[in-house]
Amino acid sequence: MPDQVEESSSPARDTPAPLADLATITTRPSNRRRFLAEASALATFLAGCMRSKPEHEHEHEHGDTTSSAAKVAEHSPQNPDSRTDTALRHAMPASSSTPSTRGGGNIAFHRFDPVLPPVSSSRTTRLHFTAREVPIRVREDTVVAAWTFEGDIPGPIVHVRQGDTVEFTLTNAGSIPHSMDFHAAQLDPKVAFRSVLPGQSLSFTYKPKYSGVFLYHCGTAPVLMHMGSGMFGALVVDPLTPLRRAKEFVLVQNEFYLGSPHEGVAPFDYVKMLATLPDLFAFNGRPSQYQTAPIHVKRGDLVRFYVANAGPTHPCAFHIVGEQFDTVYLGAPPGSAIHGVQTFDVAAGGGMIFEMQADIPGEFVFVNHAFGHGQKGAIGVLVVEE
Ligand SMILES: [Cu+2]
């Protein structure tokens, strides 16, 4: 059956497109050039908007996101293009503060569990994610106005096999448009990854062609703002012949660009995202959380880290102090393996698999060895118990 897309609100324009047609569209160079040109123009346009407005006007926009979304719906009921629909037709807020992210002073901190969940025995995985704008405590002293999948940064870790069927539905419970872009999928982004208006849903189906660890993220324009505000996660695809048994962990690196807190909640700041000098970094959404509460394995374990980098901008020079990676899979495992590696960069928007044999007991710091970034929170501890 060909991969397909459905939207709950406008069935008339959602005739499923054959996969062959979608592949033709996505690989045509002229389309790619046009997309890049449009994206560049969009970024320039938005940067100009943000910089030309005094701060009090941004404050006004924050409180008006619901009505702005309503205006999008009014002028674009079919919402045809996730990369040009939202931002060009209403003023995008320069911060992530929305009505539902306010008043987060009592939100509790929780450690994000890095353990890879088991793969399902079914060859079909049904995912129904809800896009939510919520306050999240990312450090004891920091609550952020997050845009999320399923209410957390990152979104849920998904684990499937190469060639499985992924049936995905996104429901938007937020106040502005959101969308979903799976790097494990090969689909026409203008169809499958387009924006979903508040209160609406969109479904699509795909089969991951390659094994590996893949990012997923909101692709609504400007993507920088939506990814930078927390809308990302990781999907692990096992090869058909499973890799060796190991203790498996998923680490998703991201950057935090924060504005001044209001009522205890710090919004993500779009102008700071454009300047690309982050306040904080994290593995799995909380700076330094695995220093405070390390990851534990036993001597003799094979340890496998699936490292995905949500950026939105900087790479992750992944390294473990006092250890070496026996194997790094640059692409789809079990191919693309290199051996005896000290450090390897995971690009923003990329994912790689790192393996080490835990044959020495001790406390091993895993870190983004670009130390200005490790120091800001992309750091943790792996404890190898005797
Ligand atoms: Cu979004």
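Residues numbered from 1 in each chain as written. Predicted model: local features only at pLDDT ≥ 70, side-chain atom pairs only at ≥ 80, totals over all residues.

**Remarks on the overall build of the protein chain**
If you tally the helices and strands in the protein chain, you get nine helices and 21 strands. Per-residue burial over the protein chain gives 47% buried out of 386 residues. Across the protein chain, contacts joining residues at least 24 apart in sequence account for 77% of those joining residues at least 6 apart. (Helix = DSSP H or I, 4+ residues; strand = E, 2+ residues; numbered from the N terminus. Buried ≥ 20, exposed ≤ 12 C-beta atoms within 10 Å, placed from the backbone. Contact = placed C-beta atoms within 7 Å.)

**Brief notes about the sheet that holds strand β9 (residues 232–238)**
Pairing within the open sheet is mixed, and its four strands lie in the order β4-β9-β8-β6. Since the sheet does not close on itself, it has two edges, and those belong to β4 (158–161) and β6 (181–182), each with one partner. Two elements, β6 and strand β8 (residues 212–217), share two bridges in a ladder whose sense is antiparallel. The residue of β8 that forms the bridge with Asp 181 is His 217. (Pairing = 2+ DSSP bridges.)

**A few points about the confidence of the model for the protein chain**
For the protein chain, per-residue confidence averages 83 on the pLDDT scale, and residues scoring 70 or more make up 76% of the total. Note on residues 9–89: pLDDT under 50 across the span, and 95 contacts to partners over four residues away in sequence or across chains. (pLDDT = per-residue confidence, 0-100.)

**A few points about the environment of Phe 249**
Secondary-structure assignment places Phe 249 in strand β10 (residues 247–256). Along the chain, Phe 249 and Ile 353 lie 104 residues apart, while their C-alpha atoms are 9.9 Å from each other. When residues no more than four places from it in sequence are discounted, the contact partners of Phe 249 are Pro 114, Val 115, Leu 116, Ile 295 and Phe 305.

**Description of the pairing of strand β19 (residues 351–357)**
Counting buried positions along β19 yields six of seven residues, so the element is predominantly enclosed. Strand direction decides the pairing type here: strand β14 (residues 302–311) and β19, joined by seven bridges, are antiparallel. Its bridge partner lying in β19, Val 307 is registered against Met 352. Of the pairings in the sheet, the one linking strand β16 (residues 325–329) to β19 comprises three bridges and is antiparallel in character. In the sheet register, Thr 327 faces β19, and the bridge partner there is Glu 355.

**Brief notes about the sheet that holds β19**
Where strands meet in a sheet, backbone hydrogen bonds hold them as pairs that are either parallel or antiparallel. Ordered by their spatial adjacency, six strands build an open sheet running β12-β10-β14-β19-β16-β17, and the pairing between neighbours is mixed. In the strand order of this sheet, the two ends are held by β12 (280–283) and β17 (337–341), each with one partner. Adjacent strand axes in the sheet meet at a mean angle of 25 degrees when their direction is disregarded. (Axes fitted to C-alpha atoms, helices over the stretch in contact; angles between N-to-C directions.)

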